[in-house]
Amino acid sequence: MSTTAAGIMLTDPLRDALSRALAQVNTLVLGKPREVRLAFVALLSDGHLLIEDLPGLGKTTLAHALAATLGLGFQRVQFTSDLLPSDIVGVSVFDAQARRFEFHPGPVFAHVLLADEINRAPPRTQSALLEAMAEHQVTVDGTTRALPDPFFVIATQNPLDLSGTYPLPDSQLDRFLLRLTLGYPGEEAERALLAGADRRDLIARAMPVLGAEDVLSLRTAVSSVHASDALLSYVQALLNRSRAHPGVRVGLSPRAGIALLRASRAHALLLGRTHVLPEDVQALFGAVAAHRLMADADAGTGDAAALAEAILHAVAVD
C-alpha cells in the first residue's frame, strides 16, 4: 500500500489492477505503449482525448480496448454532416397515453464515448458534445441531467482529409486534455497484427480489470500526487516562455497549465510514483500544449507541434 503526499491511500490491489489494465490494453493495441499510457493519463486526469490520424491505425480499437478493460459502458457515434445535437444528448418525446414528455437519453449518457470524425459534424452538434465534456451534464427542455461518472470522451479526426469538414475552433480544442497520434505500427507489431487474431474478437473476449469506482478512486489518488514548488516554477516557466516564444501568436493559458500539471500527476502515478518529476512534464508537454498553441502564420516557424518542442527545449530545469 502506498500513500500520496496528501494522505490518500492507494491500495496494492488497486495499483496491481491498474498495472494489469495497462498491460491488457497493450496486448490489444500492439506496439503503442506510449499512446496507451497517454490515454490512461487522460482518463485518470478527468480529461478527454483527441486522436488525429489516418483511418485504419487503431483509433477505434484503442477506444474499444479501454472500455472493455475498464468495464465501462461504451457508445460510438459516427459524426456526419447531418448529425443533430439531439442525436448526441437525447430528445424528449411526448407519450400520448401518459400525457407527458418522456426523455430518451442519447449516446452521450455512457462512461466512454467515441466521437468518430468529430470534425465532420456541424458546429452546433460539436458544441453540444463539447458542452457536455466541460460541464459533465446536459440540459434538454430546461431540465439538467448529470452524465455518468466517470465520463470520458475519445474523439477522432483525420488531419488530411478536410473536405466537407468543420474544423474545431481553438476554444473547443482546449476542452481536450491531450491530443495525440498513433502512427503506423512498427514492423514487429504489424507482423503480429497480420498473423494474429482479429482485434474485435480479442476485445470481445477481454475481461474487465477495473470498474467505475476504481477509476474514481484512482482520480482521487492522482489529485493528491505531490508537486513541489520547484516543479510548479518549471511549469510556470513553460507557460511564460510559450507567450514570448518567437512564432507564437497566442501562448498557453493558465487553464493549459492546470491541465499540464494534472496530467503530469497522473503520469507519475502510472509510473508508480507519489511525486511529479520534470520528466513527467516533458513527456506530456507536446500532447497537452500543441493543440492549444496558435502559431504565427507569417513567422515560418513550423506547426504547433514543432513550436511545443522548441518551447520545451528553451526552458531549462533548475
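As shown above, the structure is provided for reference.
Okay, so let's go over this structure. The structure presented is a predicted model; accordingly, all values stated were derived computationally and were not measured. (Residues numbered from 1 in each chain as written. Predicted model: local features only at pLDDT ≥ 70, side-chain atom pairs only at ≥ 80, totals over all residues. Heavy atoms only, no water.)

## Here's the deal with the nonpolar core
This is how the line gets drawn: Side-chain atoms within 4.5 Å are what join buried Ala, Val, Leu, Ile, Met, Phe, Trp, Tyr and Cys residues into a set we call a nonpolar core. In this scheme, a residue with accessible area under 20% of its type's maximum is buried, one over 50% is exposed, and one in between is partly exposed, where area comes from a 1.4 Å probe on protein chains only. Here a strand is any run of E in DSSP of at least two residues, a helix any run of H or I of at least four, and the numbering for each starts at the N terminus. Here a residue-residue contact requires only that any non-hydrogen atoms of the pair lie within 4.5 Å.
Within the largest apolar cluster, 76 residues are counted, with the highest numbers of intra-cluster contacts made by Phe40, Leu49, Leu62, Leu66, Leu178, Leu238 and Phe285. Top element by residues in this core is helix H11 (residues 254-270). It accounts for nine residues. Each residue touching Leu62, except ones within four places of it in the same chain, is listed here: Val25, Val29, Val36, Ala39, Ile51 and Leu182.

## Observations concerning the pairing of strand E3 (residues 49-52)
We apply this condition: Strand pairing follows a simple DSSP-based rule, namely that at least 2 bridges must link the two strands.
Neither face of E3 is exposed, since Leu49 and Ile51 on one face and Leu50 and Glu52 on the opposite face are all buried. With four bridges joining them, E3 and strand E10 (residues 152-157) adopt parallel strand pairing. Within the sheet, the bridge partner assigned to Ile51 lies in E10 and is Thr156. Pairing analysis gives three bridges linking E3 to strand E11 (residues 178-180), with the strands arranged parallel. Its bridge partner lying in E11, Leu49 is registered against Leu178.

## Let's talk about the layout of surface pockets
The line we're drawing: A 1.4 Å probe that fits into a set of points on a 1 Å grid over the protein atoms alone but cannot get out defines a cavity; an open set with protein on both sides within 12 Å along at least five of seven lines defines a pocket, and lining residues are those with an atom within 4 Å of a point. Grid points are joined across faces, edges and corners, and a volume is the space filled by probe spheres set on the points. Here the term charged refers only to Asp, Glu, Lys and Arg, the term nonpolar to Ala, Val, Leu, Ile, Met, Phe, Trp, Tyr, Cys and Pro, and the term polar to all other amino acids, Gly among them.
Within this model, the largest pocket holds a volume of roughly 540 Å³. Taken together, 27 residues form the lining of the largest pocket, with Gly56, Leu57, Gly58, Lys59 and Thr61 sitting closest to its centre. Within the residue set of the lining of the largest pocket, elements represented by two or more residues are helix H3 (59-70), strand E4 (74-78), E10, helix H7 (187-195) and helix H8 (199-205). When residues of the lining of the largest pocket are assigned to their parent elements, the largest contribution, three residues, is made by H3. A class-by-class count of the residues in the lining of the largest pocket yields eight nonpolar, nine polar and 10 charged. Of the voids in this model, the second largest pocket is the one considered here, and its volume is about 310 Å³. Looking at the second largest pocket, it is lined by 17 residues, and the ones nearest its centre are Arg179, Gly286, Ala287, Ala290 and Ala305. Those elements giving two or more residues to the lining of the second largest pocket turn out to be helix H2 (33-44), E11, helix H12 (278-289) and helix H13 (304-314).

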